[in-house]
Amino acid sequence: MRTVLLLFNAVLLAVGNCGNPLLTRLYFLRGGKRVWFSTWQQTAAWPVICVPLAASYLHRRRRQNAEVFLITPFLVASAAAAGLLMGLNNYLYTYGVAKLPVSTSSLILSSQLAFTAVFAYFLVRQKFTPFTVNAVVLLTLAAVVLGARAGNDRPKGESNKDYALGFLLTVGSAALYGLLMPVIELSYNKGKTGMIEYGLVLEFQMVMSLVATLFCTVGMLINHDFQVLSREAREFELGITNYYLTVVGNGLFSQFFFVGALGVTSYGSSLLSVLIVAVLLPATELLAVIFYHEKFAAEKGISLFLSLWGFISYFYGEVKSNRENKEKKRIMKELQETEMMGSPSTNAVSSPPQVGV
């Protein structure tokens with residue numbers, strides 16, 4: 001069952017990862033201008049989590065007298081703190097997507113793996129291997145290559161200052177997301193929840209998304225976004241209906257992404273979650289070129305090559321490490337069985353010699 005849930009969440013993560021940046025970019029390309037509102041869309045669809053959450057509760061109730069909520073007070077507090085980080089991360093991400101082509105922002109965000117590896121090492125004691133170090137170096141080089149030629153794919157009408165700020169904030173988003181996943185993994189470890197049920201994953205995500213949505217709502221109020229949304233919808237190049245379809249679709253794809261990422265982190269690891277995102281990088285690049293006709297210059301090709309090289313290096317290292325760990329466990333088990341078979345029975349007690357009279 002654990003493997004099935006891991007695969008299911010990996011699919012959700014893949015769908016959300018490819019769909020979300022395309023719809024976010026569509027909003028800005030066709031007349032959307034409100035960064036806080038677009039950030040709010042990333043988590044505002046959190047009520048849809050109630051549907052699978054109710055199904056999870058009914059399933060548990062058939063087997064036993066299940067509690068309504070699985071989440072503990074400690075995990076509620078952890079989810080709330082993670083929600084604030086998510087809200088800030090979403091703002092940085094949205095600002096970057098608003099100013100950069102999807103192909104560029106996706107390549108920058110691929111450095112999440114490097115940040116996650118570093119934070120996971122300090123927070124959850126994820127071991128560093130030569131392959132992990134190699135992956136971190138390659139992903140860092142990939143970002144440097146893009147940064148060295150920054151501005152070559154700058155959209156028309158956008159200043160160098162806005163492009164540079166979008167680039168820096170996207171790097172900041174990658175770093176913050178790299179921190180967020182190990183923090184969530186650490187929360188589960190500290191919470192001592194034992195076997196992680198899917199209902200708990202959904203409850204954690206719901207609390208996290210609710211807090212992130214409230215964080216963004218405050219930003220919208222300060223920025224006076226609510227007063228101009230109706231006018232923005234009327235002026236949207238694709239029409240009012242498509243405006244709201246874009247907003248709703250963006251919210252749903254975002255929830256697919258976050259629920260999938262949290263599920264993969266819960267049933268796998270934070271590094272596996274980021275690795276799946278990294279593997280999908282070529283698909284996101286291809287979709288951006290097809291739908292938005294973005295230029296794919298030489299530096300993007302070099303950056304993509306370095307990123308994929310880094311992902312392959314990390315993946316190979318993980319596979320090799322898992323095989324070595326399994327082999328060590330097998331040898332230890334055989335040694336223990338051998339020792340048990342060779343040890344004298346503790347139940348046998350030698351009787352004292354009889355003395356003749």
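Residues numbered from 1 in each chain as written. Predicted model: local features only at pLDDT ≥ 70, side-chain atom pairs only at ≥ 80, totals over all residues. Heavy atoms only, no water.

**A closer look at the overall build of the protein chain**
The helix and strand tally for the protein chain stands at 14 helices and zero strands. Put simply, the protein chain runs from its N terminus to its C terminus through helices and strands in the order α-α-α-α-α-α-α-α-α-α-α-α-α-α. A principal-axis box enclosing the C-alpha atoms of the protein chain has dimensions of 120 × 50 × 30 Å. By residue count, 48% of the 357 residues in the protein chain fall in the buried class. Surface exposure of the protein chain reaches about 18,700 Å², of which carbon and sulfur atoms provide 67%. A gap of 2 Å separates the mean positions of the 29 positive and 20 negative side-chain charges of the protein chain. (Helix = DSSP H or I, 4+ residues; strand = E, 2+ residues; numbered from the N terminus. Buried < 20%, exposed > 50% of the residue type's maximum accessible area, 1.4 Å probe, protein only. Areas by Shrake-Rupley, 256 points an atom, 1.4 Å probe, with all protein chains shown as cover. Lys, Arg positive; Asp, Glu negative; His and termini not counted. Charge placed at Lys NZ, Arg CZ, Asp CG, Glu CD.)

**Overview of the environment of T284**
Considering the arrangement of structural elements, one finds T284 in helix 13 (residues 281–292). On a C-alpha basis, the gap between T284 and L75 in space is 33 Å, while along the polypeptide they are 209 residues apart. The residues contacting T284, other than those within four sequence positions of it, are N17, C18, P21, V102 and S106. (Contact = heavy atoms within 4.5 Å.)

**Quick look at the UniProt feature "signal peptide" (unreviewed entry) in the protein chain**
In the numbering used here, UniProt assigns the feature "signal peptide" (unreviewed entry) to residues 1–18. What you have in residues 1–18 is 94% helix and 0% strand, and the ends, taken at the C-alpha atoms, are 26 Å apart. (UniProt positions renumbered as here; feature names shortened; annotations may be inferred.)

**Details of unusual backbone geometry**
Within the chain, H224 stands out as a residue other than glycine whose phi angle is a positive 60 degrees. Among the structural elements, H224 can be located in the loop between helix 9 (198–222) and helix 10 (229–235).

**Considerations on the nonpolar core**
Counting 55 residues, the largest nonpolar core has I184, Y188, Y198 and F204 as its most contacted members. The element that contributes the greatest number of residues to this core is helix 9, accounting for nine residues. Other than its neighbours up to four places away in sequence, F204 contacts I71, L75, S78, A79, I184, S187, Y188 and L262. Y27, F28, V35 and A98 belong to the second largest nonpolar core, which has 14 residues in total. (Core = buried A, V, L, I, M, F, W, Y, C linked by side-chain atoms within 4.5 Å.)

**Structural notes on the packing of aromatic side chains**
In the structure shown here, the tally under the stated rule is 16 aromatic pairs. Measuring from ring centre to ring centre gives 5.9 Å for F37 and W40, while their planes differ by 20 degrees; the resulting arrangement is stacked. With F37 and W40 both in helix 2 (residues 35–41), this residue pair falls three residues apart, about one helical turn. Taking relative accessible area as the criterion, F37 reaches 6% and is therefore assigned buried. Ring centres of Y188 and F204 lie 5.4 Å apart, and the angle between their planes is 35 degrees; this geometry places the pair in the tilted category. Of the two residues, Y188 is situated in helix 8 (residues 160–191) and F204 in helix 9; the sequence distance between them amounts to 16 residues. F204 carries the same exposure label as Y188, and that label is buried. Taken together, the aromatic side chains of Y27, F28, F37, W40, F236, Y243 and Y244 make up a single cluster linked through ring pairs. (Phe/Tyr/Trp six-rings, centres within 6.5 Å; stacked < 30°, edge-to-face > 60°.)

**A word on helix 5 (residues 102–109)**
Along an α-helix, residues three or four positions apart point the same way, because every turn accommodates 3.6 residues. For helix 5, the buried fraction is high: eight of the eight residues fall into the buried class. Inspection of helix 5 places V102, S103, T104, S105, S106, L107, I108 and L109 among the buried residues, and these make up the whole buried set.

**Comments concerning the environment of L58**
Within the element layout of this structure, L58 appears in helix 3 (residues 50–63). L58 gets classed as partly exposed once you look at its relative accessible area, which sits at 47%. Between the C-alpha atom of L58 and that of V68, which follows or precedes it by ten residues, the distance is 9.5 Å.

**Focus: a nonpolar patch on the surface**
On the surface, a nonpolar cluster with roughly 590 Å² of combined accessible area is contributed by V118, Y121, F122, F128, V133, V137 and L141. When residues of the nonpolar patch are traced back to their parent elements, those giving at least two are helix 6 (112–123) and helix 7 (130–148). (Patch = residues over 30% accessible without salt bridge, like charges linked within 9 Å, V, L, I, M, F, W, Y side chains within 5 Å. Salt bridge = Lys/Arg side-chain N within 4 Å of Asp/Glu carboxyl O.)

**With respect to the side chain of Q255**
Take Q255: it is sitting in helix 11 (residues 240–267). Setting aside anything within four residues of it in sequence, one finds Q255 in contact with Q42, T43, A45, W46, V48, I49, Q205, S209 and G260.

**Section: the side chain of Q112**
By the secondary structure assignment, Q112 is in helix 6. On the accessibility criterion, Q112 (7% relative accessible area) is buried. Residues in contact with Q112, not counting those within four places in the same chain, are A174, Y177, G178, V274 and V277.

**Points about the pattern of salt bridges**
The tally for this structure, following the rule as stated, stands at four salt bridges. For R30, the salt bridge goes to E237, with nearest N and O atoms at 3.4 Å. Residue R30 is found in the loop between helix 1 (2–29) and helix 2, and its partner E237 is found in the loop between helix 10 and helix 11; the two are separated by 207 residues along the sequence. In this structure, D225 and R34 form a salt bridge, with 2.8 Å as the shortest nitrogen-oxygen distance. Taken together, the residues D225 in the loop between helix 9 and helix 10 and R34 in the loop between helix 1 and helix 2 connect sequence positions 191 residues apart.

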